[in-house]
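# Analysis of the macromolecular model
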Amino acid sequence: MISGFRKSSSFFFAVAVALGAGGKVASAETDRVARMPKEHASLFKTHCFDCHDSASEEAGVNLETLSYDVSRDMETAGLWQKVLNAINSGEMPPEDHDPIPDDQKLQFLEDLTDRMVEARKILGDTRGKIPLRRLNRREYANTIESLLGVRPDVSQLPSDQVGEGFDTQGASLFMSSDQIEQYLATARIALQQCFDAKPSSDEFVRRVEVEEQFLPKYREYFDDWAGKDKIAQAYFGQNSKKPSDFGLIDEYQAKSYANIFETHGPILRWYFDQPENKTGGAMIMVPKNMGMARIKMPSTPARSPGRYRVRVRAGTYAQSEPRYRYLEFSNLATAKQRDYLGCRFVSASLESPEIIEFEFDQKPGQSHQLVIHQRTHQDRADKALWTAKRKENGFGLHPGVWADWAEIELIEPSDQVIEAKSKILGQLNRRRETEFVTDVLKRFSRRAFRGRQPTGEYLQRIEAIYQELRTEGFSMDEALIESLAIVLSSPEFLYMVNEGESDSDRLKTTELANRLAYLLWSEPADETLMSLARNGQLSSPEVLRQETNRLLEDPRSERFVRDFTHQWLQLDRLGMFQFNGLQFPTFDNAIREEGRNEIFETVGMVMREKIPLGALLKSEFVVVNDLLAEYYDIPEVQGHQFRRVKVEPNSVRGGLLGTVAVNAMGSDGLRTSPVERGAWVLRHLLHDPPAPAPPNVPQLSRLDGEIVSAREIQKLHQEQPQCAQCHRKIDPVGFGLENFSADGLWRDVEVIKYGNRNSKSKSFEIDPQGRLPSGETFSGFLELRSAIAKKDTEFARGFVEELIAYALGRPYGFTDETLVDSILNQTQENGFAITEIVHLLVQSETFQSK
């Protein structure tokens, strides 16, 4: 039975890291225990004590003396986790022992799983103490930008190691001493860019004639393939000669040449013959094996930050698919990767083209290589769709847009970096070098340390480094850059240091200002907020509320909406899978990214307009743009701006459950997953998270080769005790979402495609009936949504607990329950409005303490 107990467990390690020491945490300190029912002692006695009692202790495991208080300490919890893993995986008891009866195993696993969830909370509870933590990557980038005006590249910095929870949690934000060099190098580059900055005076306007980019490239393809085809045909016409006589490797290469030209030659001939390609401009199309047809704009200079406008003169083809009438704008981050920036619909005809405009902001230190193209999947799905269409019509995908020209222009230069440079260097005369450098280092260090005054000893050491560099021949600016880079690599900058008032757990007002700013802006407090803090005015609840409102109304609060929402709802799963393009042709890159934006825009509107939080569960409106409205079949929505659109009460849209993003996350890109969807609902909407999936659960091998419905798969899972404990809670919720396909569109039948290139299919009627863990039953999605919407208090409780964890950089703990109850009681009348929840958290003693 030794193999059933692994020498380590992810649970044990995670909690040890969270506690920092891995020591004992007495459950008496929290007055909460996670105790296994004593009735399960008979299972150990019958099936385990032969090998793991006080007399034998195989592998050093003695279950006879194991405390039934699972939360007693880390060692006890770790051993119970091993027991759970061993029974779940079927390794315990071993094959030469009698198996545990299914009903007894099911009850044991269910009880132990529940106790382990509770034990994690108890042992991970920091009792309200906020651990020291470093700035995460996004906070670091924002903080550097606020100081230097330059957006640094943080890709080489230590990752934020977020497993569960948020990237603000101190237990995840560790680093080794050798990684300080990475911070030093990053700071040095940013400082160099700041010091090299000069006022932007040069205009930047560049124009591209589309035909000059497209036609020569396609002509080159055509001539190359035609030439190779000519060689191949010559070989086939004189079979007495060897392939090498024609410069061919073998007959296979000759056939490849012939096949390529047979496939693409007629299409390119057709392309060249179209009249709109002969008088200027060109079709934008995505042919197979010809690369991505895109308008490639000149790179924007890194020395010219600001707001840019792109203008494209374009028209659309009436016979093309609607989704191809959009122009997609991307930043060519690498040769193979494009970052989505946005889409614009082209409505004008070829006879009367229109000017399409798109604007974007470029941060100091960045450069953009903008490309303009039709909507794509950005993966092999585009080629698969082209091939399938060609089999139907002999041509492939019809172009959606013709473009004449495109231009890019800097319309609002940014002086952000110039202002930052001026603030760093100050007004002192550089000729009085010692006085000048002392002043620069002192002021910059105080700003970098977010209001904390550097010690005299620290400043003396930095000044000594500066003087040594000058002695070695460094210029004044070079020595300053090196010295300031050291400041930006100091623990006082990299770590969120909260000293608190003397003899008190209360934060200093300057520390409170920074905690508030990092919560809502993910950057340090600005001068307005810091001035109020230094003057002691931030101690006033009225002033604190006014400042909280100011920060919420500032555009930078969008960071809070996006960063918190992305992690709270675990939207990272949206990018985990490639979707089968043949099966889901309309779920392309634009839908994926705008679906993510829909969640952010909805949460942002609910917050700004003080709409009841329950609107995220059910509402008679959606927040969409033209692209998503078309996808959802919502008429009369024009323009790329997100706006509130009314839907009918019985619409399947309205609330998070009806969004493409949530439903796409509950799939694997091929099929829906009632388990993923049900678990997501339990975790994020019902505040009733299921236990983590156990490791090494046996697969359903008897389903190999069979095509069965999603409901049948889950039904078979529940036949196994180690699976049934979770599935019977999760799956009935997920079934209510089965009318949404993997791409979030409504369906009445589940169609499973299989065979070579999905040549076969099998259909199943969808049964969307189910029940919630609290017992309410539903017959379909609308009833499921209504039942969940009634649980807005549970939803609000989960939201507040998650916000506390995000804001304070530590897991939610039992000591926070009083605060949560207070916030819910005070916001219930206004529907748990997000802004009021934020205000009450900020005003709380918990938020204002170390």
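Quick note: structure is the one above.
Here's a quick rundown of the structure.

Rules used throughout
Residues numbered from 1 in each chain as written. Predicted model: local features only at pLDDT ≥ 70, side-chain atom pairs only at ≥ 80, totals over all residues. Heavy atoms only, no water. Pairing = 2+ DSSP bridges. Helix = DSSP H or I, 4+ residues; strand = E, 2+ residues; numbered from the N terminus. Axes fitted to C-alpha atoms, helices over the stretch in contact; angles between N-to-C directions. Salt bridge = Lys/Arg side-chain N within 4 Å of Asp/Glu carboxyl O. Buried < 20%, exposed > 50% of the residue type's maximum accessible area, 1.4 Å probe, protein only. Polar contact = N/O pair within 3.5 Å; in protein donor to acceptor, adjacent residues only side chain to side chain. Contact = heavy atoms within 4.5 Å. Left-handed = near helix turned anticlockwise from the far one by under 90°. Nonpolar A, V, L, I, M, F, W, Y, C, P; charged D, E, K, R; others polar. Parallel < 35°, antiparallel > 145°, perpendicular 65-115°, else oblique.

## Notes on the sheet that holds strand β4 (residues 294–296)
Read from one edge of the open sheet, four strands run β4-β9-β6-β7, paired in antiparallel fashion. Each end of this open sheet is capped by a strand with a single partner; those strands are β4 and β7 (338–345). Each adjacent strand pair in this sheet contributes to an overall mean axis angle of 25 degrees, direction not counted. As defined by bridge partners, strand β6 (residues 326–332) adjoins strand β9 (residues 370–374) across five bridges and the pair is classed as antiparallel. Its bridge partner lying in β9, Phe329 is registered against Ile372.

## Quick word on the pattern of salt bridges
Overall, the coordinates contain 44 salt bridges when judged by the stated rule. Its salt-bridge partner being Glu676, residue Arg573 comes within 3.9 Å of it at the nearest N-O pair. Of this pair, Arg573 sits in the loop between α19 (558–568) and α20 (589–608) while Glu676 sits in helix α23 (residues 674–684), and the two are 103 residues apart along the sequence. A relative accessible area of 17% places Arg573 in the buried class. Ionic pairing is found between Asp688 and Lys729, a salt bridge with its closest N-O pair at 3.0 Å. You can see Asp688 sitting in the loop between α23 and α24 (710–717) and its partner Lys729 sitting in helix α25 (residues 721–735), a full 41 residues away along the chain. For Lys729, a relative accessible area of 27% gives the class partly exposed.

## With respect to the side chain of Thr565
Relative to the helices and strands, Thr565 is located in helix α19. Exposure remark for Thr565: the relative accessible area of 0% places this residue in the buried category. Polar contacts involving the side chain of Thr565 include one to the main-chain carbonyl oxygen of Val561, which spans 2.5 Å. Dropping the residues within four chain positions of it, Thr565 is found in contact with Phe560, Gln570, Leu571, Ile599, Phe600 and Val603.

## Some points on the packing of helix α13 (residues 456–471) against helix α14 (residues 476–487)
Axis separation between α13 and α14 bottoms out at 9 Å; the angle between their running directions is 145 degrees. In the crossing of α13 with α14, the sense of the turn from one axis to the other is right-handed. Taking contact as the criterion, the partners of Tyr458, Ile462, Ile465, Tyr466, Leu469 and Arg470 in α13 are, on α14, Met476, Ala479, Leu480, Glu482, Ser483, Ile486 and Val487. The residue makeup of the contact of α13 with α14, split by class, is ten nonpolar, one polar and two charged.

## Brief notes about the packing of helix α12 (residues 433–448) against α14
In the contact formed by α12 and α14, the axes pass within 11 Å of each other and the chain directions differ by 30 degrees. Comparing the axis directions of α12 and α14 gives the class roughly parallel. The two elements α12 and α14 cross, and the hand of that crossing is right-handed. Each of Glu433, Phe436, Val437, Val440, Leu441, Phe444, Ser445 and Ala448 in α12 lies in contact with α14, whose residues at this interface are Met476, Leu480, Ser483, Leu484 and Val487.

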